[in-house]
Amino acid sequence: MTRAYLNATQQSPDSRAASSALPEETEIMNVIAVVGLGHMGGAVARRLDEKFEVVGFDAAEGARERAGVTTASTLDKAVSDADIVFTSLPNDSIVRDVWLGPGGLVAAAREDAIVVELSTIMPTTMRDIASAATGRGVRSVDCPVSGGPGEAETGRLSLLVGGDDATIDAVSAALEQLGTIRRTGDLGTGKVVKIVNNMMSMANVLAASEAFSLGCAAGVDPQRLFDVLSVSGGTSQHFTKRWPKALAGDFTPGFTISLGEKDLALGMELARSLRVPSPVAATGREIYQMAMLSGLADQDIVALQQFYDSWSSERASKKRLGE
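Below you will find a few notes about this structure. Fair warning: this is a prediction, and the values are worked out from it, not measured in the lab.

1. Concerning unusual backbone geometry
Despite not being glycine, R275 has its phi angle at roughly 60°, a positive value. If you trace the backbone, R275 turns up in the loop between α14 (257–273) and α15 (279–296).

2. Quick word on helix α7 (residues 123–134)
Under the 1.5 Å per step criterion, the end-to-end length of α7 is 16 Å for twelve residues, consistent within 8% with the ideal 16 Å. Of all the residues in α7, the buried ones are P123, T125, M126, I129, A130 and A133. The buried residues of α7 occupy an angular sector of 155° when projected down its axis, which confines them to one face. If you follow the buried residues of α7, they end up packed against α5 (92–100), α6 (105–108), β6 (114–117), β7 (139–142), α11 (189–217) and α14.

3. Concerning the packing of α11 against helix α12 (residues 222–229)
Each packed pair of helices is defined by two parameters, the angle between the axes and the distance between the axes. The N-to-C vectors of α11 and α12 enclose an angle of 135°; their axes lie 10 Å apart at closest approach. The angle between α11 and α12 falls in the class oblique. Crossing hand, α11 versus α12: right-handed. Contacts between α11 and α12 pair F212, G215 and C216 from the former with P222, L225, F226 and L229 from the latter. Tallied by class, residues from the contact of α11 with α12 come to six nonpolar, one polar and no charged.

About the criteria used
- Sequence order as written defines the numbering, with residues in each chain counted from 1.
- Residues qualify for local features only when their pLDDT is at least 70, as the model is predicted, and side-chain atom pairs are given and counted only at 80 or more; totals for whole chains, interfaces and linings, by contrast, use all residues.
- Only hydrogens and water are set aside when side-chain values are computed; all heavy atoms of the structure are taken into account.
- Numbering goes from the N terminus for both helices and strands, where a helix is a DSSP run of H or I of at least four residues and a strand is a run of E of at least two.
- One less than the residue count of a helix, multiplied by 1.5 Å, gives the span that helix is expected to have.
- Exposure is judged per residue with a 1.4 Å probe applied to protein chains only, and the accessible area is read against the type maximum: over 50% gives exposed, under 20% gives buried, and values in between give partly exposed.
- Arc definition: directions from the helix axis to the C-beta atoms.
- The contact criterion used is simple: two residues touch if any of their non-hydrogen atoms lie within 4.5 Å.
- Axis lines are fitted to C-alpha atoms, over the contacting stretch for helices. Their N-to-C directions set the angle, which ranges from 0 to 180 degrees.
- Note on angle classes: values under 35 degrees are labelled roughly parallel, values over 145 roughly antiparallel, values of 65 to 115 roughly perpendicular, and the remainder oblique.
- Whether a crossing is left-handed or right-handed is set by the direction in which the near helix is turned from the far one by less than a right angle, anticlockwise for left-handed and clockwise for right-handed.
- Each residue receives one of three labels: charged for Asp, Glu, Lys and Arg, nonpolar for Ala, Val, Leu, Ile, Met, Phe, Trp, Tyr, Cys and Pro, and polar for the others, Gly being one of them.

Any functional reading would require information that these geometric values do not contain.
The following block contains the structure:
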């Protein structure tokens, strides 16, 4: 069956006329469920809700209340009538439970639904849950994302998409509402690309925190140091995006230190499964864990700057934090 995503309430007269000419076997798909309404899932749900009919679900009542979209009280109520389901969940264990557990997504979804899995998880987990879904006639798309809630809200995510071309094409209108599709290959390759991307990102933030703290400890004014580094060879997207907030003492989480530690652990697990050394990830994970133990687990990853400053002289730390 050919699938098309069309929102009749937002179509122009010309597009409505065109849709009426679609072949009889074309199914109009409008209803989307989003499972997992945390920082990222909630932003995804709100963005999709601008164009499609969205129903959200999260096990936490508070997350449902904050979502800003129509929500269901149970998973099966959210997904039973959905043409497409997005899942955005914290880790492999929860993904497996939501997809494969009693009364889970695979059991509750329509047999012709397509599930788009956004979480950062192991590629083996992605392939396992997709195989189980296929047994019920449910197709899957491997689609972790690069970018945070702000990019999701404005449709500027990079979507790292794995799966067969026909299934990806079937959900392309929904994906394009969120950002730019970057095809990676078969199911599981999207998760691989996301893991190695986050290994790079977490190491980048770690190195920038160490270097910036050293520059401040050596007496350079923090704002001047940022102004120069942000246009020099050592800069990065994370540096220019996150350090202005750090300079203002704002460590509100977009991506937490605990999630950074989790993703480095995934990188190490993937590397070990392939017998590939990953010494930078291993060292970085230890420092992220130390920062978590210092009370920064739920702060944005740029709070690593605070952690490094705590190792510097008291004078440099106070100067850096604007005290």
